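Results of the structural survey
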Amino acid sequence: MFDPHIDIYFILFYLCPLLMLIPSKSINKFFKKQGVKIKWVDFVTPVFLLSVHIYSMLIVNRSFIPYLLIIISLIGIVLASVFAFKVKKIKLIHFFRVWWRYVFITAFLLHILLGILLFF
């Protein structure tokens, strides 16, 4: 296992998604004026995906992005199947909103796992 030198930059980058919470209220006000509902999750998920790639390259010298793409694709297939067979209708806006929340949860859990591996 590759032992990276942990300094303040790694810690700040690890905490970056939480630091993005600070300006989110002003961003939400701007988008509410435009009539668009945007949450903190919508902004922070790409940061989680980027951090998963960077930390996985630092820790195991291999990117976890292909595995993460497979997982979120499977989540999309299962979610579309549930909407099609149980609910009997697929609204694209609702589907992508729910799917993006599951992508957030998956990326967040992988981000936490890689953070734990980085510090131990």
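These numbers were taken from a predicted model, which means no experiment stands behind them.

1. Regarding the overall build of the chain
A tally of helices and strands in the chain yields five helices and zero strands. Put simply, the chain runs from its N terminus to its C terminus through helices and strands in the order α-α-α-α-α. Projected onto the principal axes, the alpha-carbon positions of the chain cover approximately 50 × 35 × 15 Å. Per-residue burial over the chain gives 27% buried out of 120 residues. Counted over contacts in the chain with a minimum sequence separation of 6, partners at least 24 positions apart contribute 64%.

2. Describing the confidence of the model for the chain
On average, residues of the chain score 83 in pLDDT, and 91% of them reach the 70 mark or higher. Within the chain, no element has a lower average pLDDT than helix H2 (residues 24–34), which sits at 73, and none a higher one than helix H4 (residues 65–87), at 93.

3. Concerning the pattern of salt bridges
Across all of its chains, the model carries one salt bridge by this definition. Among the salt bridges present, the one from Asp 42 reaches Arg 101, with a minimum N-O distance of 2.9 Å. Here Asp 42 is found in helix H3 (residues 40–60), whereas its partner Arg 101 is found in helix H5 (residues 92–119), with 59 residues between them in sequence. Here Asp 42 falls in the partly exposed class, since its relative accessible area comes to 24%. Looking at Arg 101, the relative accessible area reads 25%, which means it is partly exposed.

4. Quick notes on the packing of H3 against H5
Closest axis-to-axis distance for the H3/H5 pair is 8 Å, and the angle between their directions is 35°. Note that H3 runs across H5; the crossing there is left-handed. A breakdown of the residues in the contact of H3 with H5 according to their chemical character gives 18 nonpolar, four polar and two charged.

5. Focus on H5
For H5, spanning 28 residues, the distance from its first C-alpha to its last is 40 Å, which sits close to the expected 40 Å at 1.5 Å a residue. For H5, every residue scored as buried is listed here: Phe 95, Trp 99, Val 103, Phe 104, Thr 106, Ala 107, Leu 110, His 111, Leu 114, Gly 115 and Leu 118.

6. Some words on the packing of aromatic side chains
Per the counting criterion, the structure on display carries eight aromatic pairs. Pairing Trp 99 with Trp 100 gives two aromatic rings, centres 6.1 Å apart and planes at 50°, and the pair type is tilted. Given the relative accessible area of 23%, Trp 100 is considered partly exposed. Through a chain of ring-to-ring contacts, the aromatic side chains of Phe 83, Phe 95, Phe 96, Trp 99 and Trp 100 assemble into a single cluster.

Definitions and cut-offs
Residues numbered from 1 in each chain as written. Predicted model: local features only at pLDDT ≥ 70, side-chain atom pairs only at ≥ 80, totals over all residues. Heavy atoms only, no water. Helix = DSSP H or I, 4+ residues; strand = E, 2+ residues; numbered from the N terminus. Buried < 20%, exposed > 50% of the residue type's maximum accessible area, 1.4 Å probe, protein only. Contact = heavy atoms within 4.5 Å. pLDDT = per-residue confidence, 0-100. Salt bridge = Lys/Arg side-chain N within 4 Å of Asp/Glu carboxyl O. Axes fitted to C-alpha atoms, helices over the stretch in contact; angles between N-to-C directions. Left-handed = near helix turned anticlockwise from the far one by under 90°. Nonpolar A, V, L, I, M, F, W, Y, C, P; charged D, E, K, R; others polar. Expected span 1.5 Å × (residues − 1). Phe/Tyr/Trp six-rings, centres within 6.5 Å; stacked < 30°, edge-to-face > 60°.

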